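A structural walkthrough
Here is how the chains run, residue by residue.
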Amino acid sequence: MGESVEISIKLLVSELLIRIRTVDVSLEIIGFNVTPHRDEGYLISCSSQVKWSSYMVWLVNQIPGPKGLPILGNALYLNVDPPELFQRILMATEYGEVAKMWMAHNPYCLLSSAKAVEVLLSSQKHLDKGRDYDFIHPWLGLSLLTSTGSHWHTRRKLLTPAFHFKILEEFMSVFNKQSNKLIQKLEKKADGNTFDIYDDLTLCVLDVICETAMGRSINAQEDSESEYVEAVRKMSGYLQQRIYRPWLHNDFLYKLLGPGKNYDTNLKIIHNLSNSTINEKKQNKSRRNKSLIQEDEENAMGIKRRRALLDLLLEHKEENPDFNDEEIRKEVDTFMFAGHDTTASAINSILYILGLHPDIQARIHEELDGILDSADSPITAEDIHQMKYTEICIKEALRMFPPVPIISRKLKEDLVIAYGRSANFKEHSSNN
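What this report covers is the structure whose coordinates are included nearby. (Residues numbered from 1 in each chain as written. Predicted model: local features only at pLDDT ≥ 70, side-chain atom pairs only at ≥ 80, totals over all residues. Heavy atoms only, no water.)

1. Digging into the nonpolar core
Note the cut-off: For the purposes of this section, nonpolar cores are sets of buried Ala, Val, Leu, Ile, Met, Phe, Trp, Tyr and Cys residues that join through side-chain atoms within 4.5 Å. Summary of the burial criterion: residues with accessible area below 20% of their type's maximum are buried, those above 50% are exposed, and those between are partly exposed, where the area comes from a 1.4 Å probe applied to protein chains only. By the criteria applied, helices consist of DSSP H or I runs no shorter than four residues and strands consist of E runs no shorter than two, each listed in order from the N terminus. The contact definition used throughout considers only heavy atoms, calling two residues in contact when any of these lie within 4.5 Å.
In terms of nonpolar packing, the biggest core is built from 93 residues, with I218, Y228, L313, I328 and M336 touching the most fellow members. At 12 residues, the largest contribution of residues to this core is made by helix α17 (residues 325–356). Not counting residues within four places of it along the chain, the set of residues in contact with M336 comprises L206, I209, C210, A213, M214 and Y228.

2. Side note on a nonpolar patch on the surface
Heads up, the rule is: Two joining distances apply to patches: 9 Å for like charges and 5 Å for nonpolar side chains (Val, Leu, Ile, Met, Phe, Trp, Tyr), and every residue must have over 30% relative accessible area and no salt bridge. Surface accessibility follows the Shrake-Rupley procedure with a 1.4 Å probe radius. Residue values consider only the protein chains on display as shielding. Every case where a carboxyl oxygen of Asp or Glu lies within 4 Å of a side-chain nitrogen of Lys or Arg is listed as a salt bridge.
The grouping of F252, L253, L256 and L257 at the surface amounts to a nonpolar patch, some 430 Å² of accessible area in total. Along the chain, L257 turns up in helix α13 (residues 251–257). For L257, a relative accessible area of 52% translates into the label exposed.

3. What about the pattern of salt bridges?
By the definition in use, this model includes 18 salt bridges. Close ionic contact of D200 with K189 constitutes a salt bridge, the shortest N to O distance being 2.7 Å. Pair noted here: D200 is in helix α11 (residues 198–214) and K189 is in helix α10 (residues 172–189), with a separation of 11 residues, a long-range link. Salt bridges here are not isolated pairs; linked through shared partners, they connect R155, E327, K330 and E331.

4. Some thoughts on unusual backbone geometry
It is generally the case that most residues other than glycine have a negative phi and that most peptide bonds are trans. In the Ramachandran plot, A104 falls in the positive-phi region, its phi being about 60° despite a non-glycine side chain. Within the element layout of this structure, A104 appears in the loop between β2 (98–103) and β3 (106–111). Even without being glycine, N219 reaches a positive phi, approximately 50°. The topology assignment puts N219 in the loop between α11 and α12 (227–243). Using a relative accessible area of 34% as the deciding quantity, one classes N219 as partly exposed.

5. Digging into the packing of aromatic side chains
Heads up, the rule is: A pair of Phe, Tyr and Trp rings is counted when the ring centres sit within 6.5 Å of each other, with Trp represented by its six-membered ring. The angle between the planes then sorts it: under 30 degrees is stacked, over 60 is edge-to-face, the rest tilted. Remark: a charge is flagged as sitting over a ring if the NZ atom of Lys or the CZ atom of Arg is within 6 Å of the ring centre and within 35 degrees of the ring normal.
For the structure shown, the criterion picks out four aromatic pairs. A ring pair is formed by W139 and F337, whose centres lie 4.7 Å apart and whose planes are at 55°; its orientation type is tilted. Here F337 lies in helix α17 and W139 lies in helix α7 (residues 137–140), a separation of 198 residues in the sequence. F337 gets classed as buried once you look at its relative accessible area, which sits at 16%. Plain terms: the ring middles of Y254 and Y263 are 5.6 Å apart, the flat faces sit at 90° to each other, and that makes the pair edge-to-face. Residue Y263 is classed as buried on the basis of its relative accessible area, which comes to 10%. An aromatic cluster of three or more residues is present, and its members are Y238, Y254 and Y263. For R88, the ring lying beneath its charged end belongs to Y77, and the centroid distance is 5.3 Å.

6. A look at the environment of E327
Using the following cut-off: Contacts described as polar in this section are N or O atom pairs within 3.5 Å, which, within protein, must combine one atom able to donate a hydrogen with one able to accept it, while residues neighboring in sequence count only if both atoms come from side chains.
Residue position: E327 is located in helix α17. For E327, a relative accessible area of 16% corresponds to the buried category. For the pair E327 and G141, spaced 186 residues apart in sequence, the C-alpha to C-alpha distance is 8.4 Å. With sequence-adjacent residues up to four places away left out, E327 is seen in contact with L142, R155 and D322. Among the polar contacts listed, one links the side chain of E327 to the side chain of R155, at a separation of 2.4 Å.

7. Structural notes on the side chain of N74
Counting through the fold element by element, N74 comes out in the loop between α3 (54–60) and α4 (75–78). Apart from residues no more than four positions distant in its own chain, N74 is found in contact with P66, K67, G68, M101 and W102.

Okay, structure coming up:
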């Protein structure tokens, strides 16, 4: 998936800069969704569910961190809107590169430096996803994002060929078409006044992801209030709300106190679109015999037929009957969810940083002017390969503002994380 994200980011950033030249950050971008973090590493949350004794609670509390309340811990401290939420988590890391917080009875050890997190990320033992990922299961099930161990390796091996650069080149026309739609929208807004670019980026990326993952157009940029777009937006909000409100962690209480029917309705909208697309693809495939498939590989203009992620998964199903429609739906939904928001956030951050550094922006303009014949020229795969300086800037922006700044792991045995101290959060299966 990294290649797909890199291509779409490069193309979109290039189109934006070559067609609408931003000189000052305040001219185009306001209310951006920035995720700043320390230069020295990632922010990792390591959690564990155990039956706590008073001694074990005392051990956890030896790790510095903000003081919590009885029963709720630091839940109220984190019960704020998304922009403020990340700032508060960052404030907790001011207690040190190893800090702790409590979400009700669940402890979280926050690692905020490369030195502290290295032992965790290099470990082959501590691979289990944190319990926060469980809340995504109704939407994505046990997929590449939420699974671990052999299941994760199997899915990774299956999906990696779908993002081979040669396959991604087939979708350059999609990238160009959707980026041009975005440019046309932004040109109407670029009147010298400030505006929020994030929603426009999100809708553009949703269109790209839908065509490349499902082979279906949802026209999000033309119809931002469409049922599917609204459902994705709301489900993302429900997810974050539940993670940081421990009284909603229990499934029964979530049904009672959470969004209730609105959650079920929006989940059904998302699943219905994926399932209907899968059925349509299967029906179309069954209508063709082998000779027609070979003839259809290239159209009259000699352009090879594009194969979306869903097409590749359906081909895999023919060889592996256990990989049923439900499993296909999980992976397609996963790439829709994980791909659109992260890519939009990355592009948003890149544009923000370039707005702060007009000298760097000018060097990118110079590179793009040397590659493209004109501002209206469609960008090709070969053009992407030549954008060396642009690529360097994109990677540096991703280092400074990672679109996924927090990941979570659940410990099942002791782990020495820093300063020779032991994170004594050993999980006993008999207590779960």
